[in-house]
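Here's the letter readout for the chains.
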Amino acid sequence: MRVSYKWLGELVEGLPDVALLAERLTMGGIEVEAIHAPELDYGDRLVVARIVTREQHPNADRLTACTVDDGGGELLSIVCGAKNHKAGDLAVLARPGCVLPGGVKIGKSRLRGVESEGMLCSAKELGIDADGEGIVILEQGLVPGSDAAALLGLDDTILELAITPNRGDCLSMFGLAREAAALCGLRVKEMAPTAGLPSGQGPVRVEIRDSARCPLYTGLAMRSVRIGPSPAWLRTRLAACGLRSINNVVDVTNLVLMERGQPLHAFDRSKIGGGRIVVRFAQRGEKIRTLDEREIVLADEDLVIADQALPVAVAGVMGGADSAVLDSTTQIFLESALFLPSTVRRTSRRHAMITDSSYRFERGVDPGAVEAALERAASLLTQVAGAEAEGGIVREGPGAAARPAVRVRPSRVEAILGTPVADARIGEVLGAIGAAPMHDGDAFVAEPPGHRQDLEREIDFIEEIARIVGYEAIAPALPQVALTPTLLPESVRAAAELRRVLSALGFHEHVAVSFTSEAANARFRGPFDDGASVLVRNPLRSDATALQRSALGALLDALKTNVAARAPRVDLFTIARTFAACGSPQVEQREVVSGLLYGRRPGVLARDERPLVFADVKRVVESLLAVLAPGRSLSFAATDARAEYHPRACAEARLDGQVVGYFGRLHPDVAEGAEIAGEIYVWEVDCREAVAYRRAHPGLQPIPRYPGSERDVSLLVDARTPAAAAVEAVQALGEPAIESITVFDEYTGAGIDSGRKALGYRIVYRAADRTLTEAEVSALHETVLGHLTRRLGATVRV
């Protein structure tokens, strides 16, 4: 919004200089985006002059020869090309040496044999109006020789402001004057009262059919209107606001809009059918040709101003071209109304008509200023267009509903701002914004002023106190916050650790919705077959009608996408929920960590790539269970009970003997059905079951101080004996000096009987308090071998 500093100075007593005003406005939330100082210093070279004589130029049909009085004591000879002046008119004279906008320098010259000692200026030449033709004719009563630049505002400074959507009151000069006065601790000047007009019925009757959308409509009929150009002062005021002069009637409505923030509209009264105004909703398909020469088709939710038959304006947005004020207009009907902001906003957006009027109605106008703006416009029209009121002001509608008062507590002000504000200062601020505060016990009772539609709650008034007292006046202080430890659920902590470990192992996390098909649920039952599928009543897709029982289906779909993109290796994991119906209306939910491995594994050198083996997926399951339940007894057992797994490459994972998940190679039929060539290894672990074995505080183990002793042993066992059987057997001894037992080799073939296999183990012995002797280690090793031979029916290979 463009704001004239001189105009604002006429409204506020003791307005500070431009720089200080800009700082206070910006700190108060009204950002000053730019300041445009006067480009030219006219000094005494642009003055008011009286045309004493006007004669036809003797040597040019299009020129006139004038003598003018510029207040200097001698008459000057001026040659002028305009036709709109006569003897006795007051005009703007640019004396020799004056530089006009555009760099035009005025000097003495002879035009067709007649001397010209300056130039009578047009609004276009002065930069006031780009379309202004003819010289500027000033109102009578001015003194020749007085400063024309000051009179026309050419020495004015223009501020460009960014007004936030909640501050519709600042879209007018009166509103900005109130804001500047409050922020700078000044007073708004008393405005000369407008002569009040009586209420009564005029020649135009008004009917409101929806008072919720139009709570108030006022109007005034005027006659004897003389349409013509506006006086210079009026065009200057509009130019300072960035508005173009049209004619005196339209200019008056625009001036009141900028002055008071209340949109007005003037109708040619002779074009209002039946002398009747009806505020109603448009009929579907009804049309109107607007002032910008667009024909729009109205919706039945658009509020319109109509005569007895047709719309003549879109309420709060734009008038109609068929009822516009033209040069031939002699009688008008002046409208000032109050419309519901949301109604204007929807209509404006629906038809892409953003106008100065709709912009203000959308943000809310002052209900108390509706009639005052009408009276102000009527007074100006009498002054500049010779208009006379015909009848009284027509007033229809209940008006805006009263807004409740708000209690503002000084204690709450201090709590929000973090600093005490004296009660007297709070009262001053509330008074400065027009809230008329009154004491009520330990609080103030403030009434939201009509022009401040954004003040509704106590916190709104506290914000006003902060703005006007000044944010810089609030001493900075560190907040006092009580820090209490927040203990995350064990499942949340475990999931975070899982993501860290699996990402470190080279896996990428896959996230998908929990919806799947019933066919996928039949193929992947999940780690625990709890019940039937849970069906979705309103599925997002026709092929996703159930909640997933296993996350393997979604992982397999992701693998297909990656394989189609020629990814050579795909390692994915997901932490997801699975669902199963366990009898209506119960649904069993489990949180599982699932994953898959696909593609060849790298060796030491690039050419040493190897295929996936069962041990790869087993190593991953060991790693994640070490995270979920560190320090617990982990064991594995082969199983062929899972239909989605290869029957000879599937195992169950156990913690302290309890099954918590499954892993192994995906069944070839499943991989083939997904059209994926190559082996796929997968796993599923129930996080809830695994976390149940998690120690609250796993603790730390010190680094061994004493050396350990390693012994390798090769055992001949039945071919069906799993390698883990020996590990479990040794762990079952409970001997503290046995630190670990790991399998490092499996052999079948030459030298081994049919139905048998050789397993190689490495056993580490270590004592925590001393170095074991060779005799102690040998004795302990013999004990272990004896236990293994008895427990597994094994034979020690020599």
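The structure presented is a predicted model; accordingly, all values stated were derived computationally and were not measured.

Each value, and the rule that gives it
Residues numbered from 1 in each chain as written. Predicted model: local features only at pLDDT ≥ 70, side-chain atom pairs only at ≥ 80, totals over all residues. Heavy atoms only, no water. Helix = DSSP H or I, 4+ residues; strand = E, 2+ residues; numbered from the N terminus. Rg over C-alpha atoms; globule rule 2.2 N^0.38 Å. Buried < 20%, exposed > 50% of the residue type's maximum accessible area, 1.4 Å probe, protein only. Pairing = 2+ DSSP bridges. Contact = heavy atoms within 4.5 Å. Axes fitted to C-alpha atoms, helices over the stretch in contact; angles between N-to-C directions. Arc of directions from axis to C-beta. Core = buried A, V, L, I, M, F, W, Y, C linked by side-chain atoms within 4.5 Å. Salt bridge = Lys/Arg side-chain N within 4 Å of Asp/Glu carboxyl O. Expected span 1.5 Å × (residues − 1). Phe/Tyr/Trp six-rings, centres within 6.5 Å; stacked < 30°, edge-to-face > 60°. Lys NZ or Arg CZ within 6 Å of the ring centre and 35° of its normal. Lys, Arg positive; Asp, Glu negative; His and termini not counted. Polar contact = N/O pair within 3.5 Å; in protein donor to acceptor, adjacent residues only side chain to side chain.

Engineer: How would you explain the overall build of the protein chain if you had to name every residue and give the values?
Structural biologist: The number of helices and strands found in the protein chain is 20 helices and 41 strands. Taking 28 Å as the expected radius of gyration for a compact globule of 798 residues, we find that the protein chain reaches 45 Å, considerably beyond that expectation. Oriented by its inertia axes, the alpha-carbon framework of the protein chain measures out at about 140 × 70 × 60 Å. Taking all 798 residues of the protein chain together, the buried fraction comes to 47%.

Engineer: So what's going on with the environment of Ala-494? Residues and values would help.
Structural biologist: Relative to the helices and strands, Ala-494 is located in helix α13 (residues 490-504). On the basis of relative accessible area, Ala-494 is assigned to the buried category, the value being 1%.

Engineer: If you had to explain the sheet that holds strand β41 (residues 795-796) to someone new, which residues and values would you point to?
Structural biologist: The 4 strands are arranged β39-β40-β38-β41 in an open sheet whose pairing can be described as antiparallel. Edge positions in the sheet fall to β39 (738-747) and β41, since each of these pairs with one other strand and no more. Here β39 pairs with strand β40 (residues 756-765) via 8 bridges, running antiparallel. Counted as the bridge partner of Ser-740 is Val-764 from β40. Together, β39 and β40 form the strand contacts of helix α19 (residues 724-732), whose direction differs from that of β39 by roughly 165°.

Engineer: Can you tell me about helix α7 (residues 341-350), naming the residues and giving the values?
Structural biologist: Of all the positions in α7, only Thr-343, Val-344, Thr-347 and Ser-348 are classed as buried. Seen from one end, α7 has its buried residues packed into an arc of 125°, which puts them on one side. In this structure, the buried residues of α7 make contact with β20 (303-306), β21 (311-314) and α8 (356-363). Looking one or two places after α7, you find Ala-352, whose phi comes out positive at around 55°.

Engineer: So what's going on with the nonpolar core? Which residues, and what values?
Structural biologist: Ranked by size, the top nonpolar core spans 73 residues in total, and within it Leu-161, Leu-381 and Phe-461 carry the most contacts. If sequence neighbours within four positions are ignored, Leu-381 has contacts with Met-222, Asn-248, Val-249, Val-252, Ile-332, Leu-334, Gly-386 and Ala-387. With 34 residues, the next largest nonpolar core counts Val-206, Leu-303, Leu-338 and Val-394 among its residues.

Engineer: I'd love a proper account of the pattern of salt bridges, names of residues and values included.
Structural biologist: Taken as a whole, this structure holds 55 salt bridges when the rule is applied. A salt bridge links Arg-223 to Glu-388, with the shortest nitrogen-to-oxygen separation between them at 3.7 Å. Pair noted here: Arg-223 is in strand β15 (residues 216-223) and Glu-388 is in strand β24 (residues 388-396), with a separation of 165 residues, a long-range link. Residue classification places Arg-223 among the partly exposed residues on the basis of a relative accessible area of 38%. Here Glu-286 and Arg-280 are joined by a salt bridge, their closest N and O atoms 3.0 Å apart. Relative accessible area serves as the criterion here: at 11%, Glu-286 is assigned to the buried category.

Engineer: I'd like to hear about the sheet that holds strand β27 (residues 443-446), residue by residue, with values.
Structural biologist: As summarised here, the arrangement of the 3 strands in space is β25-β27-β26, forming an open sheet in which the pairing is antiparallel. Only two strands of the sheet have a single partner each, and these edge strands are β25 (406-408) and β26 (438-440). Taking each pair of neighbouring strands and ignoring which way they run, the sheet shows an average axis angle of 40°. Sheet topology places β26 next to β27; 3 bridges connect them, and they run antiparallel. Following the sheet pairing, Asp-440 is matched in β27 by Ala-443. The strands touched by helix α12 (residues 458-469) are β25 and β27; relative to β25, the strand with the most contacts, the crossing angle is about 50°.

Engineer: Talk me through α12; I want residue IDs and the actual numbers.
Structural biologist: In this model, α12 (12 residues) spans 17 Å end to end at C-alpha, consistent with the 16 Å of a helix rising 1.5 Å per residue. For α12, the tally of buried residues reaches 9 of 12 residues, placing the bulk of the element in the interior. Listing the buried residues of α12 in full gives Glu-458, Asp-460, Phe-461, Ile-462, Glu-464, Ile-465, Ala-466, Arg-467 and Ile-468. Looking at the packing, one finds that the buried side of α12 touches α2 (18-27), α4 (173-184), β25, α10 (410-417), α11 (423-432) and β27. Directly after α12, the chain includes Gly-470, whose backbone phi takes a positive value near 105°.

Engineer: Which residues make up the pairing of strand β33 (residues 587-598), and what values do they have?
Structural biologist: Looking along a regular strand, one sees side chains alternate from face to face of the sheet. Strand direction decides the pairing type here: strand β32 (residues 570-581) and β33, joined by 12 bridges, are antiparallel. Within β33, the residue paired with Ala-580 across the bridge is Glu-588. As defined by bridge partners, β33 adjoins strand β37 (residues 680-686) across 7 bridges and the pair is classed as antiparallel. By the bridge assignment, Leu-596 is partnered in β37 with Val-682.

Engineer: Hey, could you go over the packing of aromatic side chains for me, with residue numbers and the actual values?
Structural biologist: As enumerated under the stated definition, the model contains 4 aromatic pairs in all. A ring pair is formed by Phe-507 and Trp-683, whose centres lie 5.4 Å apart and whose planes are at 85°; its orientation type is edge-to-face. One end of the pair, Phe-507, is in the loop between α13 and β28 (508-509); the other, Trp-683, is in strand β37, and 176 residues separate them in sequence. Like Phe-507, the residue Trp-683 is buried in the burial classification. With centroids separated by 5.4 Å and ring planes inclined at 35°, the aromatic side chains of Phe-614 and Phe-663 adopt a geometry described as tilted. Of this pair, Phe-614 sits in helix α16 (residues 614-628) while Phe-663 is found in strand β36 (residues 658-666), placing the two residues 49 residues apart along the sequence. Residue classification places Phe-663 among the buried residues on the basis of a relative accessible area of 1%. What links up through ring pairs into an aromatic cluster is the set Phe-614, Phe-636 and Phe-663. Just above the ring of Tyr-662 sits the side chain of Arg-642; from NZ or CZ to the centre is 4.5 Å.

Engineer: Can you explain the pairing of β20? Please cite residues and give values.
Structural biologist: Residues of β20 alternate between two faces, with Leu-303 and Ile-305 on one and Val-304 and Ala-306 on the opposite face, all of them buried. Relative to β21, β20 runs antiparallel, the two sharing 3 bridges. Looking at the pairing, Ile-305 lines up with Ala-313 of β21. Hairpin connection of β20 to β21: 4 residues between the antiparallel strands.

Engineer: I'd like to hear about the side chain of Asp-307, residue by residue, with values.
Structural biologist: Inspection of the secondary structure puts Asp-307 in the loop between β20 and β21. One buried charged side chain, Asp-307, makes no salt bridge at all; its nearest oppositely charged neighbour is Arg-280, positioned 6.5 Å away. Here the side chain of Asp-307 touches Ala-309 through a polar contact of 2.8 Å, landing on its backbone nitrogen. The residues touching Asp-307, leaving out its near neighbours within four places in the chain, are Lys-271, Ile-272, Gly-273, Arg-276, Val-278 and Val-312.

Engineer: So what about the side chain of Thr-64? Which residues, and what values?
Structural biologist: By the secondary structure assignment, Thr-64 is in strand β4 (residues 64-69). A relative accessible area of 0% means that Thr-64 is categorised as buried. A distance of 3.2 Å separates polar atoms of two side chains, one belonging to Thr-64 and the other to His-85. Residues in contact with Thr-64, not counting those within four places in the same chain, are Arg-54, Glu-55, His-57, Ile-78, Val-79, Cys-80, Ala-82 and His-85.

Engineer: Tell me about unusual backbone geometry, and name the residues and values.
Structural biologist: The backbone phi angle of Arg-112 is positive, close to 55°, even though this residue is not glycine. Its place among the elements puts Arg-112 in the loop between β9 (109-111) and β10 (114-116). Take Arg-112: its relative accessible area is 54%, and that puts it in the exposed class. The phi torsion at Glu-675 lies on the positive side, around 60°, for a residue other than glycine. Relative to the helices and strands, Glu-675 resides in the loop between α17 (668-673) and β37. A residue is classified by how much of its surface remains accessible, and Glu-675, at 71% relative accessible area, is exposed.

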